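# Close look at the chain arrangement
Residues per chain, in single letters:
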Amino acid sequence: MLWFRQQHRDLYDRMRHILLPHDYLNFALTGEFCMEAGDASGTGFFDVRERRWSTALLGAIDPDRDLGAALPAVRTGNTAVGALLPSMAASLGLPAAVPVAIGGGDNMMGAIGSGNVRPGALTISLGTSGTVYAYADGPIVDPKGQIAAFCSSTGGWLPLLCTMNCTVSTELIRDLVGADLAAFESQVADAPAGAAGLLTLPFFNGERTPNLPAGKGVVLGIEGRNATPANLLRSAMEGATFALKFGIDELAALGIRATEIALIGGGAHSASWRALAADVFGLPVRVPEQEEGPAFGAALQALDLLTDQSLADIAASHVRFDAALDRVPDERNLALYADIYAEYQRAVGAVSPLYVS
């Protein structure tokens with residue numbers, strides 16, 4: 001908004017409403033202006049503790065204008081935005097007056113779709129980027145800024161850590177060594193835990209956590225005995241997992257405790273990655289039957305509008321896990337990975353100054 005004010009003042013002066021893309025979609029469907037608290041948390045000018053717009057931050061963007069007047073009302077729970085407009089109903093071939101759910105961001109919907117709607121749940125997404133998030137009944141604000149203080153789309157809060165390089169890392173190394181997905185899985189399974197001493201810092205696209213936008217990927221410990229495609233592939237997978245382990249530890253320091261992990265995203269399809277996750281995180285890992293977690297969460301959110309059940313009860317009734325994919329920590333690997341993770345953290349501390357301007 002500050003950039004918009006500075007670079008396009010004529011358009012800024014004409015601006016009457018501030019909406020995120022899916023809020024505009026809701027407006028087009030219903031004619032109503034609103035935003036849900038989870039998405040509002042990502043604007044930078046939302047007070048997540050009080051769940052209202054921050055007058056201090058809005059005033060810093062424009063001290064001469066009340067930007068709050070351009071912002072929509074914030075919904076803190078799952079209520080209908082409104083009913084489908086007759087013109088939109090005709091265009092879409094749907095009955096008039098169908099209720100439209102508030103929606104939310106991908107992680108907020110992924111939380112619902114993986115049953116992460118009560119304290120004690122933890123979801124990890126192994127996608128292009130990696131995310132770790134947990135439900136909380138109250139605001140969780142990290143004074144160090146490592147954990148993003150988001151609201152959930154269910155009336156609670158969703159403290160979250162995001163990394164920029166998860167399956168990005170494994171795909172990059174897979175392309176480098178010319179391994180298809182089947183070869184990736186077999187070679188990673190054959191490589192020893194710890195990749196025979198290779199340690200990958202997976203900052204290939206820069207990194208959000210730690211805050212290294214200019215960061216680069218680093219592979220440490222290469223020598224004649226371990227310079228193999230299998231070790232490179234396993235080290236990339238381990239490095240991406242260590243980056244997410246940091247998020248679990250930070251959440252624990254803020255009082256978030258979990259008893260098991262719901263694993264979603266493309267990486268959850270890998271048997272080796274599921275086993276590695278259980279060993280590195282030291283918690284049982286489960287995989288939902290429904291692979292499209294965020295889309296499934298949105299469907300459950302919509303269903304909530306049509307029943308008298310709570311969204312937590314709906315998720316408990318509909319989210320199923322594939323027992324064949326469950327993994328528990330291998331006691332033989334817990335101490336090993338604790339030591340390697342400590343080495344990873346030391347390496348991050350040593351390399352980070354190279355990429356801080």
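Residues numbered from 1 in each chain as written. Predicted model: local features only at pLDDT ≥ 70, side-chain atom pairs only at ≥ 80, totals over all residues. Heavy atoms only, no water.

### Some points on the packing of aromatic side chains
Test applied: In summary, the pairing rule links any two rings of Phe, Tyr or Trp, Trp by its six-membered ring, whose centres are within 6.5 Å, and it sorts them by plane angle into stacked for under 30 degrees, edge-to-face for over 60 and tilted for everything else. Three labels apply to residues, based on accessible area from a 1.4 Å probe with only protein chains included: buried if under 20% of the type maximum, exposed if over 50%, partly exposed otherwise in between. To qualify as a helix, a DSSP run of H or I must reach at least 4 residues; to qualify as a strand, a run of E must reach at least 2; elements of each kind are numbered from the N terminus.
Taken as a whole, this structure holds 9 aromatic pairs when the rule is applied. Between Phe4 and Tyr12, the ring centres sit 6.1 Å apart and the planes meet at 70°, which makes this aromatic pair edge-to-face. A relative accessible area of 1% means that Tyr12 is categorised as buried. Here Phe242 and Tyr341 contribute two aromatic rings whose centre-to-centre distance is 6.0 Å and whose plane-to-plane angle is 50°, an arrangement assigned as tilted. Separated by 99 residues along the polypeptide, Phe242 in helix H10 (residues 229–253) and Tyr341 in helix H14 (residues 331–351) bring together distant segments of the chain. Classification of Tyr341 as buried rests on a relative accessible area of 10%. Every member of this aromatic cluster is reached through a ring pair, and the members are Phe242, Tyr337, Tyr341 and Tyr344.

### Structural notes on H10
Using the following cut-off: Here the expected length of a helix is defined as 1.5 Å per residue gap, with one fewer gap than residues.
Look at H10: 37 Å from first C-alpha to last across 25 residues, which is about the 36 Å you get at 1.5 Å a residue. Where burial is concerned, most of H10 is hidden: 21 out of the 25 residues are buried. Just downstream of H10 lies Gly255, where phi reads positive at about 100°.

### Describing the packing of helix H11 (residues 271–281) against H14
The description of two helices packed together rests on the angle between their axes and the distance between the axes. Heads up, the rule is: Fitting a line to C-alpha atoms yields each axis, with helices limited to the stretch in contact; the angle taken between N-to-C directions then spans 0 to 180 degrees. Angle categories are assigned with fixed cut-offs, so that under 35 degrees is roughly parallel, over 145 is roughly antiparallel, 65 to 115 is roughly perpendicular, and the rest are oblique. Should the near helix be turned anticlockwise from the far one by less than a right angle, the crossing is termed left-handed; should it be turned clockwise, right-handed. Any two residues whose heavy atoms approach within 4.5 Å are treated as being in contact. For this scheme, ten residues count as nonpolar: Ala, Val, Leu, Ile, Met, Phe, Trp, Tyr, Cys and Pro. Four count as charged, namely Asp, Glu, Lys and Arg, and the remainder, Gly too, count as polar.
Interaxial distance between H11 and H14 falls to 8 Å at its minimum, and their mutual angle equals 70°. By the angle between their axes, H11 is roughly perpendicular relative to H14. For H11 against H14, the interelement crossing comes out right-handed. On H14, the residues touching Leu276, Asp279 and Val280 of H11 are Asn333, Leu334 and Tyr337. For the contact of H11 with H14, the per-class residue count stands at 4 nonpolar, 1 polar and 1 charged.

### Section: the environment of Leu233
As for its placement among the helices and strands, Leu233 is situated in helix H10. Residue Leu233 is classed as buried on the basis of its relative accessible area of 0%. Excluding residues that lie within four positions of it along the chain, Leu233 makes contacts with Ile173, Arg174, Val177, Ala179, Phe184, Gln187 and Val188.

### Remarks on the sheet that holds strand E7 (residues 122–126)
For clarity, the cut-off: Strands are labelled as partners when DSSP assigns at least two bridges between them.
Spatial ordering of the open sheet is given by E9-E8-E7-E12-E13, a layout of 5 strands whose pairing is mixed. Both edges of this open sheet fall to strand E9 (160–163) and strand E13 (285–286), since each of them pairs with a single strand only. Sheet topology places E7 next to strand E8 (residues 130–134); 5 bridges connect them, and they run antiparallel. Following the sheet pairing, Ile124 is matched in E8 by Val132. Of the strands in this sheet, E7, E8, E9 and strand E12 (261–264) touch H10, which is tilted by about 20° from E8.

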